[in-house]
Amino acid sequence: MAIVNRTPDSFYDRGETAAEEAALARVDEVVAAGAGIVDIGGVKAGIGAEVTVAEEIERVVPTIAKVRERYPDLHISVDTWRAEVGEAAINAGANLINDTWAGHDPELLEVAGAHGMGYVCSHTGGALPRTNPIRVRYDDIVDDVISETGKLAQRAVDAGVPEDRILIDPTHDFGKNTYHGLELLRRCNELVATGWPVLMALSNKDFVGETLDRPVEQRVPGTLAATAHAAAAGVAVFRSHQVTETLDVCRMTLAISGDFSPLHPVRGLV
């Protein structure tokens with residue numbers, strides 16, 4: 001899942017794809033690199049300037065429509081927590097709702113179900129959208145994630161979302177500290193064992209930066225190490241800024257386990 005931010009203040013790309021032409025060029029780039037899903041967002045996840053529903057729609061919907069026209073078979077995800085945005089995005093061609101704020105707007109899940117579209121069940125520990133965690137505590141973070149995403153997944157099924165279009169996301173950094181993020185990775189096999197496909201959004205996040213004491217622009221190696229660990233445990237989808245590198249890590253990890261065939265084996269064979 002490649003990240004395309006139509007925002008001027010994203011924590012990582014700092015507005016690199018805020019303009020529509022830049023966003024469309026990014027889509028072309030990540031599709032050519034092998035991304036299976038393109039996730040288009042119009043609001044920075046963290047604290048920042050207010051973005052109205054109308055402004056979020058204006059940022060993402062025309063882009064989704066143009067991407068759908070260019071790539072009729074591409075999986076297009078909209079990163080939003082608002083039902084109005086989800087509705088408009090689906091009408092423009094999105095087929096997956098990436099609800100990163102864990103059903104904060106309960107009508108968003110209903111929108112996905114009414115259209116039979118996919119839905120990402122995330123976990124935030126009850127945090128409000130665009131807020132930072134403060135002294136968060138869980139009796140067992142993995143159990144809490146499994147419980148809450150499982151309940152949301154069942155609600156999605158009941159609302160009409162096809163079971164094979166549901167993903168669960170432990171949602172690193174959202175309502176969590178760095179130790180929680182590491183615990184989720186350490187025990188990600190338990191998430192996989194739920195039977196729901198697991199999505200992880202690890203890319204250049206604060207838990208990586210705090211673990212290694214690295215600024216945002218120096219977190220790629222740590223991100224890829226976390227990706228390799230999660231891929232070996234069976235995590236299905238990775239939301240990523242570095243598409244080529246993430247695919248290489250996943251393919252190499254799966255090749256070691258015997259689940260991926262080398263793409264160009266010639267050494268000692270000819």
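Treat the numbers as computed from the prediction; the structure is a model and nothing was measured. (Residues numbered from 1 in each chain as written. Predicted model: local features only at pLDDT ≥ 70, side-chain atom pairs only at ≥ 80, totals over all residues. Heavy atoms only, no water.)

**Thoughts on unusual backbone geometry**
Next, step 1: Phi is positive for arginine 130, which is not a glycine, with a value near 65°.
Next, step 2: Among the residues examined, arginine 130 registers a relative accessible area of 14% and is labelled buried.
Next, step 3: In this model, threonine 171 sits at a positive phi of 60°, which is unusual for a non-glycine residue.
Next, step 4: If you trace the backbone, threonine 171 turns up in the loop between strand 6 (166-169) and helix 6 (178-186).
Next, step 5: Take threonine 171: its relative accessible area is 2%, and that puts it in the buried class. (Buried < 20%, exposed > 50% of the residue type's maximum accessible area, 1.4 Å probe, protein only. Helix = DSSP H or I, 4+ residues; strand = E, 2+ residues; numbered from the N terminus.)

**Topic: the pattern of salt bridges**
Next, step 1: What the rule picks out here adds up to 13 salt bridges.
Next, step 2: For the salt bridge of aspartate 79 with arginine 239, the shortest nitrogen-to-oxygen distance reads 3.2 Å. Pair noted here: aspartate 79 is in strand 3 (residues 75-79) and arginine 239 is in the loop between strand 8 (237-238) and helix 10 (243-257), with a separation of 160 residues, a long-range link. Of the two residues, aspartate 79 and arginine 239, both sit in the buried class.
Next, step 3: A salt bridge links arginine 219 to aspartate 206; the shortest N-O distance between them is 3.0 Å. With arginine 219 in the loop between helix 8 (206-212) and helix 9 (220-233) and aspartate 206 in helix 8, this pair connects stretches of sequence that are 13 residues apart. (Salt bridge = Lys/Arg side-chain N within 4 Å of Asp/Glu carboxyl O.)

**Considerations on the UniProt feature "domain: Pterin-binding" (unreviewed entry) in the protein chain**
Next, step 1: Cross-referencing UniProt, the feature "domain: Pterin-binding" (unreviewed entry) maps to residues 1-251 in the present numbering.
Next, step 2: The annotated region residues 1-251 carries 46% helix and 12% strand content, and the separation between its end C-alpha atoms amounts to 15 Å. (UniProt positions renumbered as here; feature names shortened; annotations may be inferred.)

**Focus on the packing of aromatic side chains**
Next, step 1: For the structure on display, the rule yields 2 aromatic pairs.
Next, step 2: When the ring of tryptophan 101 is compared with that of phenylalanine 174, the centres are 4.7 Å apart and the planes differ by 40°; the resulting orientation is tilted. Within this pair, whereas tryptophan 101 is found in the loop between strand 4 (96-99) and helix 4 (106-115), its partner phenylalanine 174 is found in the loop between strand 6 and helix 6, the two being separated by 73 residues in sequence. Judged on exposure class, the residue tryptophan 101 and its partner phenylalanine 174 are both buried. (Phe/Tyr/Trp six-rings, centres within 6.5 Å; stacked < 30°, edge-to-face > 60°.)

**A few points about the nonpolar core**
Next, step 1: By size, the foremost hydrophobic cluster in this structure holds 59 residues, and its most contacted members are Ile40, Ile64, Val78, Tyr119, Leu191, Met200 and Phe238.
Next, step 2: Apart from the residues within four sequence positions on either side, tyrosine 119 is in contact with Leu96, Ile97, Asp99, Gly103, Leu109, Ala112, Leu152, Ala156, Val161, Arg165, Ile166 and Leu167. (Core = buried A, V, L, I, M, F, W, Y, C linked by side-chain atoms within 4.5 Å. Contact = heavy atoms within 4.5 Å.)

**Some points on the sheet that holds strand 6**
Next, step 1: Here 6 strands make up an open sheet; going across it, the order is 1-2-3-4-5-6 and the pairing parallel. Strands at the two margins of the open sheet, each flanked by one partner only, are strand 1 (2-5) and strand 6. For this sheet, the mean inter-axis angle between neighbouring strands, taken without regard to orientation, is 25°.
Next, step 2: Sheet topology places strand 2 (residues 37-41) next to strand 3; 5 bridges connect them, and they run parallel. Of the residues in strand 3, the one forming a bridge with aspartate 39 is serine 77.
Next, step 3: Running over the sheet, helix 5 (residues 141-159) touches strand 5 (118-122) and strand 6 and is turned about 155° from strand 5. (Pairing = 2+ DSSP bridges. Axes fitted to C-alpha atoms, helices over the stretch in contact; angles between N-to-C directions.)

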